[in-house]
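Inside the fold
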Amino acid sequence: MKFFGTTWVDHDNGYALRRVAVAAGSLLGAVAAAYLLRFAYEGLEIGNVGPFLSISVVVLFAIASAIVFAKTWESFSRRPAPSSDEAALKGLKAIGFIGSLIAYFLRCFAEAPGEGLHRAEYEKAAAEFARRRSSRTGNPAARRRPKRKK
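The following paragraphs examine the structure supplied in this document. (Residues numbered from 1 in each chain as written. Predicted model: local features only at pLDDT ≥ 70, side-chain atom pairs only at ≥ 80, totals over all residues. Heavy atoms only, no water.)

1. Topic: the packing of helix α2 (residues 15-46) against helix α3 (residues 51-75)
The contact between α2 and α3 brings their axes to 10 Å, and the two run at 160 degrees. When the interaxial angle is binned, α2 and α3 end up roughly antiparallel. The element α2 and its partner α3 pack so that their crossing is right-handed. Side by side, α2 and α3 meet where Leu 37, Tyr 41, Leu 44 and Glu 45 of the first sit next to Ser 54, Val 57, Val 58 and Phe 61 of the second. (Axes fitted to C-alpha atoms, helices over the stretch in contact; angles between N-to-C directions. Helix = DSSP H or I, 4+ residues; strand = E, 2+ residues; numbered from the N terminus. Parallel < 35°, antiparallel > 145°, perpendicular 65-115°, else oblique. Left-handed = near helix turned anticlockwise from the far one by under 90°. Contact = heavy atoms within 4.5 Å.)

2. As for a nonpolar patch on the surface
Residues Leu 27, Val 31, Tyr 35 and Phe 39 make up a contiguous nonpolar surface patch of about 390 Å² in total accessible area. If you trace the backbone, Phe 39 turns up in helix α2. (Patch = residues over 30% accessible without salt bridge, like charges linked within 9 Å, V, L, I, M, F, W, Y side chains within 5 Å. Areas by Shrake-Rupley, 256 points an atom, 1.4 Å probe, with all protein chains shown as cover. Salt bridge = Lys/Arg side-chain N within 4 Å of Asp/Glu carboxyl O.)

3. A short note on the packing of α3 against helix α5 (residues 97-107)
Two numbers describe how α3 lies on α5: the axes approach to 7 Å, and their chain directions differ by 40 degrees. Taken as axis vectors, α3 and α5 run oblique relative to one another. Like other packed secondary-structure pairs, α3 and α5 cross with a definite hand, here right-handed. Contacts between α3 and α5 pair Ser 65, Val 68, Phe 69, Thr 72 and Trp 73 from the former with Ile 98, Gly 99, Ser 100, Ile 102, Ala 103, Tyr 104, Leu 106 and Arg 107 from the latter. Residues of the contact of α3 with α5, tallied by class, amount to 8 nonpolar, 4 polar and 1 charged. (Nonpolar A, V, L, I, M, F, W, Y, C, P; charged D, E, K, R; others polar.)

Below, the structure is given as structure tokens:
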């Protein structure tokens, strides 16, 4: 939501253009990262490390990207629990960052990434504020205090 400011509330002030820009940026980043990983793989081939290590590296990045994609996609619809293992996944997220970029790209077709979660929280807070605000009527200092029974 950091690229959208408050434009996601009413879908104004270039919201659609920002969604397109985020989608294009995340796709461009994923493609650049894939080329970077390709060069790393070619470095392993030049180093003649053997097929086991080469295949292991490819499988590692594929699995890490799949896990990070699933975690990122899940984070668009609900907040992680305070005691969750998100901090323990930082290394995995660094390795599988392509999965996160692809999740951002795909989510931009439906909404701004995280918009549904933010909208639900925003509407809940607005309804709570309206409920609290509507119960305030009159001057509280002018109210009569109920008589105490002795």
